[in-house]
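Commentary on secondary and tertiary structure
Read off the chains here:
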Amino acid sequence: MVVVPYERPVRAAVIGLGRIYDLNVLGYRGNPDVEVVALVDPSAERRVQRQADWPDAATFASAADLAASGIEVDAAEVLLPIPLHADGVAEMLGWGWHVNLQKPMCNDLLDAQRMLDAAKASGRVLRVMENYVFYEPLRRLKAAAESGEIGEVAGYHMKMVGTGRGGWDVPWSSFEWQLEQIRRGRGILVLDYGWQKLATAIWLFGPVA
């Protein structure tokens, strides 16, 4: 894949306007390299709420509606629940859009391969966003580990803390998708936050032995 930089702002569509939108949108606000041209979500309430952030963006109930509108899109920021990733990514790539996908990529290798095949067939870029690999303190830790400065790495302690105090409000619909993951036998490490920790550990120190 040869990536050719755009000489203008990238025209982006945000696909999925749920809870994780609040974090992802921070990379778009005040960014001169991107123009949010469309917002897509089946919930009319969410579309109205999120359009307040992007008054000039058109809103649609589905990606198919956006594709049929004639609005030109370069890339899709895909913020769908994990079980919808494979079908959603294949659809976006099929429309000719580059895709930035949130982690975890999917639930099994068959779906992962299906997405990779769709990217290859479309000639578009499929990126799975692992934002922690750009986090400067962790990049310095990786450099220290690779230099041998801290010696041989014997382990990496990861801790997740949940509390009923503070934080942000998460709608019940988001929990329903996580419960669906649990019913499929997927544990805490395939929640996006847990996956970040596992992916970061592998990036820092290599495969777990």
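Residues numbered from 1 in each chain as written. Predicted model: local features only at pLDDT ≥ 70, side-chain atom pairs only at ≥ 80, totals over all residues. Heavy atoms only, no water.

1. Side note on a nonpolar patch on the surface
Rules: A patch is a set of surface residues, each over 30% in relative accessible area and not in a salt bridge, joined within 9 Å for like charges and within 5 Å for the nonpolar side chains Val, Leu, Ile, Met, Phe, Trp and Tyr. Every accessible area reported is derived by Shrake-Rupley at a probe size of 1.4 Å, with residue values counting cover from the shown protein chains alone. By definition, a salt bridge exists where a carboxyl oxygen of Asp or Glu is found within 4 Å of a side-chain nitrogen of Lys or Arg. The helix and strand labels rest on DSSP assignments: H or I over at least four residues marks a helix, E over at least two residues marks a strand, and numbering proceeds from the N terminus. Per-residue accessibility, obtained with a 1.4 Å probe over protein chains only, is compared with the maximum for each type, and a residue is labelled buried under 20%, exposed over 50%, and partly exposed between these values.
A contiguous nonpolar surface patch, about 430 Å² in accessible area, is contributed by Trp172, Phe175, Leu179 and Ile182. As for its placement among the helices and strands, Ile182 is situated in helix 7 (residues 172-183). Ile182 sits in the exposed class, given a relative accessible area of 55%.

2. A word on the environment of Tyr132
Of note, Tyr132 is situated in the loop between strand 6 (126-129) and helix 6 (136-147). Classification of Tyr132 as partly exposed rests on a relative accessible area of 28%. C-alpha of Tyr132 to C-alpha of Tyr6: the two residues are 126 residues apart in sequence and 25 Å apart in space.

3. So, helix 4 (residues 85-94)
Keep this limit in mind: The directions considered for the arc run from the helix axis to the C-beta atoms. By definition, residues are in contact when any of their heavy atoms lie within 4.5 Å.
Burial in helix 4 covers these residues: His85, Ala86, Gly88, Val89, Met92 and Leu93. Mapping the buried residues of helix 4 onto a view down its axis gives an arc of 165°, with all of them on the same face. More than 90 degrees from the buried face of helix 4, the exposed residues found are Asp87 and Gly94. Of the surrounding secondary structure, the elements contacted by the buried residues of helix 4 are strand 1 (10-15), helix 3 (63-69), strand 4 (75-78), strand 5 (98-102), helix 5 (109-122) and strand 6. Where helix 4 terminates, the next one or two residues include Gly96, which has phi positive at roughly 90°.

4. Re the nonpolar core
The cut-off we apply is this: Take the buried residues of types Ala, Val, Leu, Ile, Met, Phe, Trp, Tyr and Cys, join any two whose side-chain atoms come within 4.5 Å, and each joined set is a nonpolar core.
The biggest cluster of nonpolar side chains holds 25 residues, and the ones touching the most others in it are Leu66, Met92, Val99, Leu101, Met115 and Leu126. If you list the elements that add at least two residues to this core, you get strand 1, strand 2 (34-40), helix 3, strand 4, helix 4, strand 5 and helix 5. The residues touching Val99, leaving out its near neighbours within four places in the chain, are Ala76, Val78, Val89, Met92, Leu93, Val125, Leu126 and Arg127. Counting residues in each nonpolar core, the second largest holds 12 residues, with Ala12, Leu17, Tyr21 and Ala57 among its members.

5. A short note on the pairing of strand 5
Keep this limit in mind: In this analysis, strands are considered paired if DSSP registers two or more bridges between them. Viewed with both strands pointing away, a crossover whose connecting path from the first strand over the helix to the second turns clockwise is right-handed.
With 4 of 5 residues buried, strand 5 lies mostly within the body of the structure. By the bridge criterion, 4 bridges tie strand 4 to strand 5 in an arrangement that is parallel. Bridging from a neighbouring strand, Val78 pairs with Leu101 of strand 5. Handedness of the crossover is the feature at issue here: the chain leaves strand 4, passes through helix 4, returns alongside strand 5, and the resulting connection is right-handed. Where strand 5 lies against strand 6, 4 bridges are found, and the strand directions are parallel.

6. Section: the packing of helix 4 against helix 5
Our working definition: Here an angle of 0 to 180 degrees is reported between the N-to-C directions of two axes, which are lines fitted to C-alpha atoms, with helices fitted over the stretch in contact. The labels follow the angle: roughly parallel below 35 degrees, roughly antiparallel above 145, roughly perpendicular from 65 to 115, and oblique for the rest. The nonpolar class holds Ala, Val, Leu, Ile, Met, Phe, Trp, Tyr, Cys and Pro. Asp, Glu, Lys and Arg form the charged class, and all remaining residues, Gly among them, are polar.
With their axes 9 Å apart at the nearest point, helix 4 and helix 5 run at an angle of 5° to one another. When the interaxial angle is binned, helix 4 and helix 5 end up roughly parallel. Together, His85, Ala86, Asp87, Val89, Ala90 and Leu93 of helix 4 and Asp111, Arg114, Met115, Ala118, Ala119 and Ser122 of helix 5 make up the contact between the two elements. Of the residues contributing to the contact of helix 4 with helix 5, the split by class is 7 nonpolar, 2 polar and 3 charged.

Geometric values such as these leave the question of function open.
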